[in-house]
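# Observations on chain architecture
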Amino acid sequence: MDKIALFPGSFDPFTIGHESIVKRALPLFDKIIIAIGYNTKKMGYFPLEQRVDWIQKVFLEEAKVEVEVFEGLTVDFCLKKNARYILRGLRTSADFEYERMIGQMNRTMHPEIESVFFLTQPEHTHVASTVVRDIIMHGGDASMFLPKEIKITRKR
Ligand code: ADP
């Protein structure tokens, strides 16, 4: 059976931190589905289609990566996609506490789905989509935090 991992997130936008997690996880799985979770009450900053398009550009040459959009529970989307692993990244102890709670609750609901955590590379510990968004909103240059395929500019 193929080993399929789901990497869920808002990816608003996808950063070098996310890119690094996916690239490091690729040797472990047959397929990684980068799944953009959305909530009709909280639409996010960048349009969903734009986020999908950016991530597809980053992994254009990587046949094992797919990009999807989903609404609802991550575990339900895993079942729909036959994914038995949830991939997440850990930057800080705050990330750990949050991920521990979600991971344990998910496992209680679905013991057949395992969460797999990657520690961030030290040079990516400070990289967060929230701050990248702020920089862009205020007309700054966030290119050093974005994969080279993603070019975002906002006029001041
Ligand atoms: P969410 O809203 O689900 O936290 P994000 O898009 O912010 O979505 O993050 C998706 C996943 O990527 C989370 O597991 C998060 O901890 C991880 N992540 C975000 N930024 C980094 C980074 N710089 N290094 C490693 N992992 C990261």
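Going along each chain's sequence as written, the residues are numbered from 1 onward. Since the coordinates come from a predicted model, pLDDT governs what is reported: local features require at least 70, and pairs of side-chain atoms require 80 or more to be given and counted, while whole-chain, interface and lining totals use all residues. Excluded from the side-chain calculation are hydrogens and water; included are all heavy atoms of the structure.

### A look at the pairing of strand E3 (residues 65–70)
At least two bridges found by DSSP between two strands is the condition for calling them paired. For helices the rule is a DSSP run of H or I covering at least 4 residues; for strands it is a run of E covering at least 2, with both sets numbered from the N terminus onward. Two strands pair when backbone bridges link them, and strand E2 (residues 31–37) and E3 are joined in this way by six bridges, in the parallel orientation. Bridge pairing links Ile33 to Glu66 in E3. Look down the strands so they point away from you; if the path from the first strand over the helix to the second goes clockwise, the crossover is right-handed. Crossover connection from E2 via helix H2 (residues 48–58) to parallel E3: handedness right-handed.

### Concerning the site of the ligand
Taken together, 16 residues lie near the ligand, and Ser10, Phe11, Gly89, His124 and Val127 sit nearest. Counted as a polar contact is a pair of N or O atoms within 3.5 Å, where, for protein atoms, one must be capable of donating a hydrogen and the other of accepting one, and residues adjacent in sequence contribute only when both atoms are in side chains. Take Ser10: an N or O atom from its side chain is 2.7 Å from an oxygen atom of the ligand. A distance of 2.9 Å is found between a nitrogen atom of the ligand and a backbone nitrogen or oxygen belonging to Val127. When the ligand is considered free in solution it has 550 Å² of accessible area, and contact with the protein chains removes 84% of it. Method remark: on a 1 Å grid restricted to protein atoms, a set of points is classed as a cavity if a 1.4 Å probe fits but cannot get out and as a pocket if it is open with protein on both sides within 12 Å along at least five of seven lines; lining residues have an atom within 4 Å of a point. Any molecule with more than half of its atoms within 2 Å of a cavity's or pocket's grid points is counted as sitting in it. The cavity that encloses the ligand is the largest pocket. By convention in these notes, a residue is near a molecule or strand provided one of its non-hydrogen atoms lies within 4 Å of it. Here the open area of atoms and residues is found with the Shrake-Rupley method and a 1.4 Å probe, where only the protein chains shown may cover a residue.

### A few points about the pairing of strand E4 (residues 85–90)
Pairing of strand E1 (residues 4–9) with E4, which is carried by two bridges, proceeds in the parallel orientation. When the sheet's bridge partners are listed, Leu6 is paired in E4 with Ile86. In the sheet, E4 pairs with strand E5 (residues 114–119) via six bridges, with the strands oriented parallel. Bridge pairing in E5 places Tyr85 opposite Glu114. Assessed by its sense of winding, the connection that carries the chain from E4 through helix H4 (residues 93–109) to E5 is right-handed.

### So, the nonpolar core
Buried Ala, Val, Leu, Ile, Met, Phe, Trp, Tyr and Cys residues that are joined via side-chain atoms within 4.5 Å together make up what is termed a nonpolar core. Type-normalised accessible area, obtained with a 1.4 Å probe on protein chains alone, sets the label of each residue: buried when under 20%, exposed when over 50%, and partly exposed for intermediate values. Counting residues in each nonpolar core, the largest one holds 30 residues, and the members touching the most others are Phe14, Ile32 and Ile34. A contact between two residues is defined here by any heavy atoms of the two lying within 4.5 Å. The residues touching Phe14, leaving out its near neighbours within four places in the chain, are Glu19, Val22, Ile34, Ile55, Val58, Phe59, Leu146, Pro147 and Ile150. Membership of the second largest hydrophobic core comes to 11 residues, among which are Ile4, Ala83, Ile86 and Ile113.

### Observations concerning unusual backbone geometry
Pro13 follows Asp12 through a cis peptide bond whose omega is 5°. Looking at the element boundaries, Pro13 is found in the loop between E1 and helix H1 (16–25). The phi angle at Phe11 is positive, at roughly 45°, despite the residue not being glycine. Take Phe11: its relative accessible area is 3%, and that puts it in the buried class. In this structure, Asn82 is a non-glycine residue whose phi angle is positive, near 65°. Tracing the chain through its elements places Asn82 in the loop between helix H3 (74–81) and E4.

### A word on the side chain of Asp95
By the element assignment, Asp95 lies in helix H4. On the basis of relative accessibility, which here comes to 14%, the residue Asp95 falls in the buried class. The residues contacting Asp95, other than those within four sequence positions of it, are Gly89 and Leu90.

### Brief notes about the packing of aromatic side chains
Here the aromatic set is Phe, Tyr and Trp, taking the six-membered ring for Trp, and pairing holds for ring centres within 6.5 Å; pairs whose planes are under 30 degrees apart are stacked, those over 60 apart are edge-to-face, and all others are tilted. Per the stated rule, a full pass over the model turns up seven aromatic pairs. Between Phe11 and Phe14, the ring centres sit 5.5 Å apart and the planes meet at 50°, which makes this aromatic pair tilted. Both residues of the pair, Phe11 and Phe14, belong to the buried class. Measuring from ring centre to ring centre gives 4.7 Å for Tyr45 and Phe46, while their planes differ by 75°; the resulting arrangement is edge-to-face. For Tyr45, a relative accessible area of 32% puts it in the partly exposed group. By way of ring pairs, the aromatic residues Phe7, Phe11, Phe14 and Phe59 are connected into one cluster.

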